[in-house]
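Okay, here's what each chain looks like letter by letter:
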Amino acid sequence: MTSVYPELAGRVRHVLKLAGFHVVDEADHVTPGLKVEAVPAGVVVSWTASHGFTALASDQRNASSDGMRVVVQAAVAGLLVECGHTVVETADRTGIVVLAGGQAARGLVAGRR
């Protein structure tokens, strides 16, 4: 999907990279890292864990890759809020949406690609 918010996506990618996060290409659904992709409300930031991390988490008692996803999302959301963005969780809880200026949080992320 071509971004209808290219400046927003660029700013989000830039902030994430400056903070030390590994940001992957929007079309890449395999490489571990954070992905920033366009949605009608703004941009979605989602995380793909590495196979090594998933294996490590499965070997640890009471650890899960889902729990780590929540931690990564919280860190990303906190960073973006600190930078002045408004963020909401995606309807499927697998990412966060950085809302385009003036958007209200009202279940608008259900149609995420």
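Residues numbered from 1 in each chain as written. Predicted model: local features only at pLDDT ≥ 70, side-chain atom pairs only at ≥ 80, totals over all residues. Heavy atoms only, no water.

**Quick look at the overall build of the chain**
Across its full length, the chain carries three helices and five strands. Across the chain, helices and strands are ordered from the amino to the carboxyl terminus as α-β-β-β-α-α-β-β. By the burial criterion, 34% of the 113 residues in the chain qualify as buried. Considering only residue pairs separated by 6 or more positions, the chain has 43% of its internal contacts joining residues 24 or more positions apart. For the chain, the computed accessible surface area is about 6,600 Å², with 55% contributed by carbon and sulfur atoms. (Helix = DSSP H or I, 4+ residues; strand = E, 2+ residues; numbered from the N terminus. Buried < 20%, exposed > 50% of the residue type's maximum accessible area, 1.4 Å probe, protein only. Contact = heavy atoms within 4.5 Å. Areas by Shrake-Rupley, 256 points an atom, 1.4 Å probe, with all protein chains shown as cover.)

**Quick word on the pattern of salt bridges**
All chains considered together, the criterion is met by three salt bridges. Of the charged contacts, one joins Arg-13 and Glu-26 as a salt bridge, the two residues approaching to 3.7 Å between their closest N and O atoms. Pair noted here: Arg-13 is in helix 1 (residues 6-18) and Glu-26 is in the loop between strand 1 (23-24) and strand 2 (33-39), with a separation of 13 residues, a long-range link. (Salt bridge = Lys/Arg side-chain N within 4 Å of Asp/Glu carboxyl O.)

**Considerations on the pairing of strand 5 (residues 95-99)**
Of all five residues that make up strand 5, five are buried, and the element is covered over most of its length. By the alternation rule, side chains of strand 5 split into Gly-95, Val-97 and Leu-99 and Ile-96 and Val-98, which are all buried. When strand 3 (residues 42-48) meets strand 5, the two strands line up antiparallel, connected through five bridges. Each residue of the ladder has a partner; that of Gly-42, found in strand 5, is Leu-99. Bridging between strand 4 (residues 87-89) and strand 5 involves three bridges; their strand directions are antiparallel. If you follow Val-87 over to strand 5, its bridge partner there is Val-98. Once strand 4 ends, the chain turns through five residues before running back antiparallel as strand 5, passing Arg-93 with a positive phi of about 65°. (Pairing = 2+ DSSP bridges.)

**Structural notes on the environment of Val-72**
Inspection of the secondary structure assignment puts Val-72 in helix 3 (residues 65-82). The spatial distance from the C-alpha of Val-72 to the C-alpha of Gly-95 is 9.7 Å, given a sequence separation of 23 residues. Filtering out sequence-adjacent residues up to four positions away, Val-72 remains in contact with Leu-34 and Trp-47.

**A look at the confidence of the model for the chain**
For the chain, per-residue confidence averages 80 on the pLDDT scale, and residues scoring 70 or more make up 73% of the total. Under a pLDDT of 50 for its full length, residues 104-113 has, in the predicted model, 21 contacts with residues more than four places off or in other chains. (pLDDT = per-residue confidence, 0-100.)

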